[in-house]
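Listed below are the residues making up each chain.
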Amino acid sequence: GERDFKTKGTGHACWSSAGLVGEAAKYAQTLFDHYGEPTLQLSPQDGLRMCQCDQCATLTPSDAVWGFLNRVAGETLKTHPDRFLVGAAYTSYREPPADINQLSPNIIVRINNVGRPLFRNEEHWNWYQDLVGSWREKAASDKIIRVENNYYDTVIHPRSIARDLKAMKGISLGEMSEVAREKHSSGTGQIWGRPGTNHLNLYVNARFLWDADQDIEKVLDEYYEGFYGPAAEEMRAAFDYAENHYSLEGRARLELPERVRLLELLHEAHRSIESGESVFGKRIQLIINEFDPLDDLRKKLEASSQR
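What comes next concerns the included structure. (Residues numbered from 1 in each chain as written. Predicted model: local features only at pLDDT ≥ 70, side-chain atom pairs only at ≥ 80, totals over all residues. Heavy atoms only, no water.)

**Focus on the overall build of the protein**
A tally of regular secondary structure across the protein gives 10 helices and 7 strands. For the C-alpha atoms alone, the extent of the protein along its principal axes is close to 70 × 45 × 40 Å. For the protein, restricting intrachain contacts to residue pairs at least 6 apart in sequence, the fraction spanning at least 24 positions comes to 72%. Summing over all exposed atoms, the protein offers an accessible surface of approximately 16100 Å²; the carbon and sulfur share of this is 51%. The protein carries 37 positive and 46 negative side-chain charges, and their two centres are separated by 3 Å. (Helix = DSSP H or I, 4+ residues; strand = E, 2+ residues; numbered from the N terminus. Contact = heavy atoms within 4.5 Å. Areas by Shrake-Rupley, 256 points an atom, 1.4 Å probe, with all protein chains shown as cover. Lys, Arg positive; Asp, Glu negative; His and termini not counted. Charge placed at Lys NZ, Arg CZ, Asp CG, Glu CD.)

Structure representation (structure tokens):
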């Protein structure tokens, strides 16, 4: 019954409000005029909460969010036809709006976080392909970009990454990859979270953005040989194990027994190198160190079983 202006510091929008459309259009035009911005990302913050006014109550999240964006785009098209608004297809407004046949031509659709590691699951892959196709029908065919986060911890998924980027070649304008950050041990600033474990995923991601037509198996051959040297075979075995054993149901994850086995394979790879102080040994050790809490748990379980 009351407007919310305070939650998360910004409140919650009324997507059917003509005043909000006008203010958003002015904001976009200011950025375009005074800062020369080519695009503006204009979407709800995480955790969309729908307005409950009489008009918004009749709308689905997709119809509300994309209807708002489409109206703002109509205003900015009049004054800045060469600039674009970017809207996120995300969470409850991931699906295209039912009540808009064609989006304004100055809208770029950004398809966010669709569970890329699950692309080995054919049902999930087909759902994703249908989603992309449905958005291409609503937006100009060359006005789609992708966002995928890499907060997957021990979920190694280079082949899913390659599959996605190969399929999106010629469709997507590009991609933004989110990478987890952690607090620095000093308590100030942030650092790249789990750089050792995440390295392969991000390497393949970068390589296939550069050339999506590559053979993923050849790229992996080159990666393991160049990055792990004499332990190439052992590291391939470890990461192939991880890729083949994470869950393909719900949110991708590696369960505890498989995490322990992965850690054992990493130790085997480290022992295969004559000098653990070599650059190859240090790289493997970096990944092992990222499993410290798990390693401690494994040792406690072993000690308990011996007692």
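Still to come is the rest of the account.
**Brief notes about the state of the cysteines**
Applying the stated criterion to the full structure yields 0 disulfides. The structure places no disulfide on Cys14, whose sulfur is separated from the nearest cysteine sulfur, that of Cys51, by 3.8 Å. Between Cys56, a cysteine without a disulfide, and Cys53, which holds the nearest cysteine sulfur, the sulfur-to-sulfur distance is 3.7 Å. (Disulfide = S-S within 2.5 Å.)

**Concerning the packing of aromatic side chains**
Tallied over the entire structure, the rule returns 12 aromatic pairs. A centroid spacing of 5.2 Å and a plane angle of 90° characterise the contact between Phe227 and Tyr228, whose relative ring orientation is edge-to-face. The exposure class assigned to Phe227 is partly exposed, which follows from its relative accessible area of 21%. Of the aromatic side chains, those joined through ring pairs into one cluster are Tyr203, Tyr223, Tyr224, Phe227 and Tyr228. One residue, Arg283, lies across the ring of Phe227, its end atom 4.1 Å from the ring centre. (Phe/Tyr/Trp six-rings, centres within 6.5 Å; stacked < 30°, edge-to-face > 60°. Buried < 20%, exposed > 50% of the residue type's maximum accessible area, 1.4 Å probe, protein only. Lys NZ or Arg CZ within 6 Å of the ring centre and 35° of its normal.)

**Notes on the pairing of strand β4 (residues 144–149)**
Within β4, 6 of the 6 residues are buried, leaving the element largely enclosed by the surrounding structure. Across the two faces of β4 the burial is the same, with Ile144, Arg146 and Glu148 and Ile145, Val147 and Asn149 all buried. Taking the sense of rotation as the criterion, the β-α-β connection linking strand β3 (residues 107–112), helix α3 (residues 122–138) and β4 turns out right-handed. Alignment of β4 against strand β5 (residues 172–178), held across 5 bridges, turns out to be parallel. (Right-handed = clockwise from strand over helix to strand, strands pointing away. Pairing = 2+ DSSP bridges.)

**Topic: the nonpolar core**
Ranked by size, the top nonpolar core spans 37 residues in total, and within it Trp66, Leu85, Val109, Ile111 and Trp135 carry the most contacts. Going through the elements one at a time, α1 (18–35), α2 (61–79), β2 (84–89), β3 and α3 are the ones with two or more residues in this core. Here this core takes 7 residues from α2, the largest share from any one element. Residues contacting Ile111, with those up to four places away along its chain left out, are Ala89, Leu131, Val132, Trp135, Ile144, Ile145, Arg146 and Val147. Among the nonpolar cores identified, the runner-up in size contains 35 residues, and Val204, Ala242, Leu265 and Leu266 belong to it. (Core = buried A, V, L, I, M, F, W, Y, C linked by side-chain atoms within 4.5 Å.)

**Some details on the environment of Glu274**
Within the element layout of this structure, Glu274 appears in the loop between α8 (256–271) and α9 (279–289). Judged by its relative accessible area of 87%, Glu274 is exposed. The spatial distance from the C-alpha of Glu274 to the C-alpha of Asn70 is 62 Å, given a sequence separation of 204 residues.

**Here we look at the pattern of salt bridges**
A side chain of one charge can pair with a side chain of the opposite charge when the charged atoms of the two come close. Taken as a whole and judged by the stated rule, the model has 20 salt bridges. Residues Glu222 and Arg207 are paired through a salt bridge, measuring 2.5 Å at the closest nitrogen-oxygen approach. Highlighted residues: Glu222 in helix α6 (residues 216–228) and Arg207 in helix α5 (residues 195–210), separated in sequence by 15 residues. For Arg207, a relative accessible area of 23% gives the class partly exposed. (Salt bridge = Lys/Arg side-chain N within 4 Å of Asp/Glu carboxyl O.)

**Here we look at the environment of Gln45**
Residue position: Gln45 is located in the loop between β1 (39–41) and α2. By relative accessible area, which is 31% here, Gln45 ends up partly exposed. Remark: the alpha-carbon pair of Gln45 and Ile191, spanning 146 residues in sequence, is separated by 24 Å.

**Considerations on α9**
Every buried residue of α9 is listed here: Gly281, Ile284, Ile287 and Ile288. Down the axis of α9, the sector holding all buried residues measures 120°, keeping them to one side. (Arc of directions from axis to C-beta.)

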